[in-house]
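Structural description and commentary
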Amino acid sequence: MARERCVIIGNGPAANAAAAALRQETSDLDIMLIGEESFPHYRPHLLPAYVAGSLQKEDLFVTPASFYEECDIRIRLGQRVTHVKFDQRELVLSHKEIVPFDALIIACGGMQRIPERLQIFEELMLTLKTPADAQKWRAGLQTAETILILGGDLTSLSFAKALVSTGKRVQFILQEQSFWPLPLTPTLADEVKQRLTRSGVEVLEASRVHRLTQLSQDVIEVETDVGLMTANLVGAFYGLAPNVKFLVRSGLDVERGVLVDENLRTRFDLVYAAGDCAQIYHPALRDYWVSIGYKNALEQGKVAAQNLAGGMTTVAASPANIFCVEGVMVNTSWWMEF
Amino acid sequence: MATVVDITVEVCGMAGDGAIAAGALINEALSRGGFSVLGFDSYPAEIRGFGRCVTRSRIGSEEIVAMGAETHVLISLNEAEARSRIPFLAHRAMVIFESNPPTYVHHDSSFVAELPPDKLLFGMPLSDLASEATGATRGRNLTALGGFAAVCGINPALFIEVIEKKFKSKGEKVLHTNVKSFEAGYAYAAKEYSEKREHAFQFPELLRQDGKVMLSGNQAIGMAALDAGLKLYFGYPITPATPIMEFLAAALPKKGGRVVQMEDEIASIGAVLGSFYAGARSMTATSGPGFALMTELITHGVMAEIPAVIVNAQRGGPATGLPTKTEQSDLHAAVFGGPGDSARIVIAPTNVSECYHYTVKSFQLAEKYQTPVIVLTDFYLDNRVENVVIPRASEAETRNGNVFPPASEKGNYKRYCLTESGISPRALPGMEGYIFTATGLEHTEKGLPDYSPEVHTLMTEKRHKKIASALADLPEPEVYFGDDRLDVGVIGWGSTFGSVLEATRTSRKKGLRVAALKITSLSPLHTTIIQGFMERCSHVLVPELNYEGQLANLIGHLHHRPVVRLNLVTGTPFPPSMIIQKIEDLIHGEAA
């Protein structure tokens, strides 16, 4: 008789934590992890240090291939789920493979967000979500002198500091409304600016970017609300959006992320969501909230797996949950801006 | 430091998918791009319609002499067939496959699902792209090549050039369709995998080499026969020798010669003996089953001292065996096959270039020593392609080898006169004053039948002395890498020698005292040289693509301890890694 199969969509911290916890809970389950990226599980928050050269590439990666073999977890990388048929308990991959499942954990994380008005300039900007992005930065930095950072998500703050450490000139246009999904209050924005300045980053007066133009192979002109400027590399750091487009017509409740209760359950039996792609209900708030950050994702992945195996663990978060942003305490953790 | 390239690319599909054609284009494009290329196709025995076709190309920035066991890039044109290739994929191998098949595939039978997680996947809607570009899906093999070029950073112009060369003669429409199919795949992969390709292997840009051609062993044999002045080819089709006949059927009439398809192999060898008897250079090519039919008449050539050139392109045996698989199991048949003590010359090239030069040489040897000469190849050597400088034979190589009788013998001609070397001057029919009888019966010096013990003893000795004296004209065994004392000496012949050479090179890089010996003259054997090499070795290892260790049987007695046999009958080329492992086992005392 075939073993029951649990498919985990994703290969980030939530997905891997879920797989490991699930294997601890049960030995006879067929666990299959499907990741869209081709990289093994890595620590995205270390990418700035890797770009700056203070870390080796191998330091990024978390889980060795042997772990999956030892734990009898099937991992499939570079493969994309295009839709899920919950009534038939099967999902479809982009190459038309039908994968039946008995249980499902959606932990597909987020995708790089670029504001709509800047999307036409996408090719002129670099992002930093994956090791491949980091590789592009490393290549570009070999000749670049001036780097302009747009936006201001969590990654951008540590990245700007890392770039300064390489001796590059780093300019920053902090777009307060882009501190996504957490908008900065004017007070916090001022504090962030001061901290960036103290780190050697030039925080510019501009607050809006209108246009980017490639002047030459290594010079980009940026038109802002206060005038024109040039840089050798431009980075876009507007946070991540939940990567749930493929679920929109699946019957699952999807708002910005997959809606789950405090036990990370979706409306379908034995289907859970965890990490950056989940929008979690908070009974005290009577609203859904979203978490960001590596540690939160690990925790949620573990909770989803435990609950799938029969537990009833609640995700640990209080309305007063606090994030630490480069030393600045941000006292909000729920979904504020869409 | 320049990147050292050593990549094996494999195209796999069902018969009719164009896998073999795609492989040929890869070979030629990368050969033009300055790489050393060795390609080998594997296809079903059936004539057409079904079965798995696989073409493998090993591409290197340094000389490639053997096919490796692992595949670094798999281009799948048929996922059901490609599943069998998964075990051969190297760590982090790239896989290009159809991402939009006509039907959904259940997980349990999915090719992609079976791929280990370390593989880099490059799904492409091959049929859709080809169809959008040309209106038909037929060019999807070219579309896949476009994807391969884009992902691996290969200049597309190299492929466009070879596509134009291949399809130019088929009209503008066909050419356009193929170029468009390629371009569609290139554009798709360049865009879709602009980031991911950074993790794929990138081919560096080398200096172009336009002076080399992709040549198979069979083509080289055909070219050699033409350059040697072949007048007549007689044959009966059989895999893997048929391409020689096909090549000559097109080329020989243009040089005033003729190709005749005979009713069978017996007729073929009979006609070859007849032609040489009359003084015309002729040849036949066959494989194991056909060679078996020829054996009686080969020994007739031995007895009557008539030249003949026979190519035996070995395949898996016995009997009909494995028509499209490689094996080296006809060595005993080539050296000993047939009734009586029928010594003959057997020469076995080890690469494409030697296929050319030893075939040229075989005509001269046959004439000079008045005996059948067997050129012993195998499927892997016949069908593999290497990029080589177009071979040319020197005037000395193509010179007529006949030894005619002096005028003093006119009227008293002894066709089989006993001489020091065993070679008796041979008159051709029609030469005035040199009448003789040529017979398969034992005979006197004049050629008259005689079964007396004295005559048979003398004539048997004469024929064997003649073959022994041929050693002077036969290539000596070559030693690769020489130390006075060797822990392991590896002896190779035929197509396996490339694997022996690579294994030896690799082992020496690891600091092991190893050397290789190449034997191309298998009958007669240069026993003194072979024994001299063996004496320097603690272990003698003989890898062969046969079960019985047929070369080991021939030379084993020359060593003071049993030679170590390494035999493989998988129908596939000998992987160097197996030889390396055996060398290490021997040195570390884990095998005897």
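Residues numbered from 1 in each chain as written. Chains lettered and ligands numbered in written order. Predicted model: local features only at pLDDT ≥ 70, side-chain atom pairs only at ≥ 80, totals over all residues. Heavy atoms only, no water.

Digging into the nonpolar core
Which entries qualify depends on this criterion: Here the nonpolar core consists of buried residues drawn from Ala, Val, Leu, Ile, Met, Phe, Trp, Tyr and Cys, with membership extended through side-chain atoms lying within 4.5 Å. Throughout, exposure labels follow a simple rule: accessible area from a 1.4 Å probe, protein chains only, divided by the maximum for the residue type, with under 20% read as buried, over 50% as exposed, and the rest as partly exposed. A helix here means a DSSP run of H or I that spans at least four residues, while a strand means a run of E at least two residues long, and both kinds are numbered starting from the N terminus. In this analysis, two residues are considered to be in contact whenever any of their non-hydrogen atoms come within 4.5 Å of each other.
By size, the foremost hydrophobic cluster in this structure holds 87 residues, and its most contacted members are B:Met283, B:Ile491, B:Leu551 and B:Ile555. Considering every element that reaches this core, the biggest residue donor is helix α13 (residues 352-369) of chain B, with nine residues. Once residues within four sequence positions are removed from consideration, B:Leu551 is found in contact with B:Leu331, B:Ile491, B:Trp493, B:Ile519, B:Leu522, B:Val542 and B:Glu544. Core analysis: the second largest hydrophobic core is formed by 55 residues, A:Ile73, A:Leu77, A:Phe101 and A:Val258 among them.

Describing the packing of helix α4 (residues 126-134) of chain B against helix α5 (residues 140-151) of chain B
All names here are of chain B. Note the cut-off: Convention adopted: a line fitted to C-alpha atoms gives each axis, helices being fitted over their contacting stretch, and angles between N-to-C directions are expressed from 0 to 180 degrees. Any angle that is under 35 degrees is reported as roughly parallel, and any over 145 degrees as roughly antiparallel; angles of 65 to 115 degrees are reported as roughly perpendicular and all others as oblique. Amino acids outside the nonpolar list (Ala, Val, Leu, Ile, Met, Phe, Trp, Tyr, Cys, Pro) and the charged list (Asp, Glu, Lys, Arg) are all regarded as polar, and Gly is one of them.
With their axes 8 Å apart at the nearest point, α4 and α5 run at an angle of 105° to one another. The angle between α4 and α5 places the two elements in the roughly perpendicular class. Each of Leu126, Ser127, Leu129 and Ala130 in α4 lies in contact with α5, whose residues at this interface are Arg140, Thr143 and Ala144. Of the residues contributing to the contact of α4 with α5, the split by class is four nonpolar, two polar and one charged.

Details of the domain arrangement of chain A
Rule in force here: What marks off one domain from the next here is an automatic or database domain assignment.
Domain annotation for chain A reports domain 1 (5-111 + 241-337) and domain 2 (114-238). If you average the C-alpha positions of domain 1 of chain A and of domain 2 of chain A, the two centres end up 28 Å apart.

Some remarks on the sheet that holds strand β19 (residues 521-523) of chain B
All names here are of chain B. This is how it is decided: By definition, two strands form a pair when at least two bridges between them are found by DSSP.
If you trace the seven strands from one edge of the open sheet to the other, you get β10-β9-β11-β12-β14-β13-β19, paired in mixed fashion. Only two strands of the sheet have a single partner each, and these edge strands are β10 (258-261) and β19. Between one strand axis and the next, the sheet turns through 20° on average, direction left out of account. When strand β13 (residues 345-347) meets β19, the two strands line up antiparallel, connected through two bridges. Bridge pairing in β19 links Val346 to Ser523. Seen against the sheet, α13 touches β11 (282-286), β12 (308-314), β13 and β14 (372-378) and runs at an angle of roughly 160° to β14.

What to know about helix α6 (residues 156-167) of chain B
Residues and elements named next belong to chain B. Selection criterion: One less than the number of residues in a helix, times 1.5 Å, gives the span that helix is expected to have. The term polar contact refers here to a pair of N or O atoms within 3.5 Å; inside protein, the definition further demands a hydrogen-donor-capable atom paired with an acceptor-capable atom, and it admits residues adjacent in sequence only when both atoms are side-chain atoms.
For α6, spanning twelve residues, the distance from its first C-alpha to its last is 16 Å, which sits close to the expected 16 Å at 1.5 Å a residue. Restricting attention to buried positions, one finds in α6 the residues Leu158, Phe159, Ile160, Val162, Ile163 and Phe167. Residues of α6 that are buried in the fold lie against α1 (19-32), α5 and α7 (172-192). Among the residues of α6, the N-terminal cap falls to Asn155, whose side-chain oxygen and the backbone nitrogen of Ala157 are separated by 3.0 Å.

Things to note about the interface of chain A and chain B
Many descriptions give the size of an interface as the accessible area lost when the pieces come together. In plain terms, the rule: For any pair of parts, buried area is found by adding up, for both, the accessible area (1.4 Å probe) each one loses once the two are put together.
Contacts between the two partners involve 23 residues from chain A, matched on the other side by 22 residues from chain B. Of the roughly 1800 Å² buried between chain A and chain B on both sides combined, carbon and sulfur atoms contribute 53%. For the pair chain A and chain B, the number of links is nine residue pairs in polar contact (both at pLDDT 80 or more). Of all the secondary structure elements, the ones that give two or more residues to the side of chain A that touches chain B are β3 (73-77), β6 (97-100) and α4 (131-141) of chain A. Grouping the constituent residues of the side of chain A that touches chain B by class yields nine nonpolar, six polar and eight charged.

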